[in-house]
Amino acid sequence: MKRIKHFLRIFLFLIFLTSCRKSINNDYPIINSEETINNNTISETKRMEIKFSCGEDGISDYLDNGWIILKEDTHEKICTWKSFPATKNCDMEKDKGCKITKPDKIGEEKIYLLEK
């Protein structure tokens, strides 16, 4: 019985040793890896999407830094909300169920897609 257990331990040990081989990939050899990494990072372009809403405009800062506008889109957006009581006897601080909220000022949201 001890011999069988000993044989099984050796057999399992040999299986673990033979299964852990170093895989060699000859299809893609690494030659001048630093040069290819540097070339890839230089040729990559950076893209960014920024949004300005309700009268804000900071696109000139980006244009001065070398960014180019690829796409510009505008949407209508609610800038501020206004709350008022639903009835004359309504106390908005105590009874929040009688509070009505509606848009106060409506502006534009500009979305820019930039590339550098």
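Residues numbered from 1 in each chain as written. Predicted model: local features only at pLDDT ≥ 70, side-chain atom pairs only at ≥ 80, totals over all residues. Heavy atoms only, no water.

Observations regarding the side chain of E115
Mapped onto the fold, E115 is located in strand β3 (residues 99-115). A polar contact of 3.2 Å, which involves the side chain of E115, links it to the side chain of R47. (Helix = DSSP H or I, 4+ residues; strand = E, 2+ residues; numbered from the N terminus. Polar contact = N/O pair within 3.5 Å; in protein donor to acceptor, adjacent residues only side chain to side chain.)

Focus: unusual backbone geometry
Although it is not a glycine, C54 sits at a positive phi angle of roughly 55 degrees. Look at C54 and you get partly exposed, because its relative accessible area is 34%. (Buried < 20%, exposed > 50% of the residue type's maximum accessible area, 1.4 Å probe, protein only.)

Considering the nonpolar core
Ranked by size, the top nonpolar core spans six residues in total: I50, F52, I59, W67, Y112 and L114. When contributions to this core are tallied by element, the ones reaching two or more residues are β1 (47-53) and β3. Contact partners of F52, with chain neighbours within four places excluded, come to D57, G58, I59, Y62, E108, E109, K110 and Y112. (Core = buried A, V, L, I, M, F, W, Y, C linked by side-chain atoms within 4.5 Å. Contact = heavy atoms within 4.5 Å.)

Some words on the state of the cysteines
By the definition in use, this model includes two disulfides. Between the sulfur atoms of C54 and its disulfide partner C79 the distance amounts to 1.9 Å. Looking down the S-S bond of the C54 and C79 bridge, the torsion is -105 degrees, so its handedness is left-handed. Here C79 lies in strand β2 (residues 68-85) and C54 lies in the loop between β1 and α3 (59-64), a separation of 25 residues in the sequence. Across the disulfide from C90 sits C98; the S-S distance is 1.5 Å. What sets the handedness of the C90 and C98 disulfide is the S-S torsion sign, and at about 65 degrees it is right-handed. For the pair formed by C90 and C98, the shared burial category is buried. Cysteine pairing for the chain, with bonded cysteines counted in sequence order: 1-2, 3-4. (Disulfide = S-S within 2.5 Å.)

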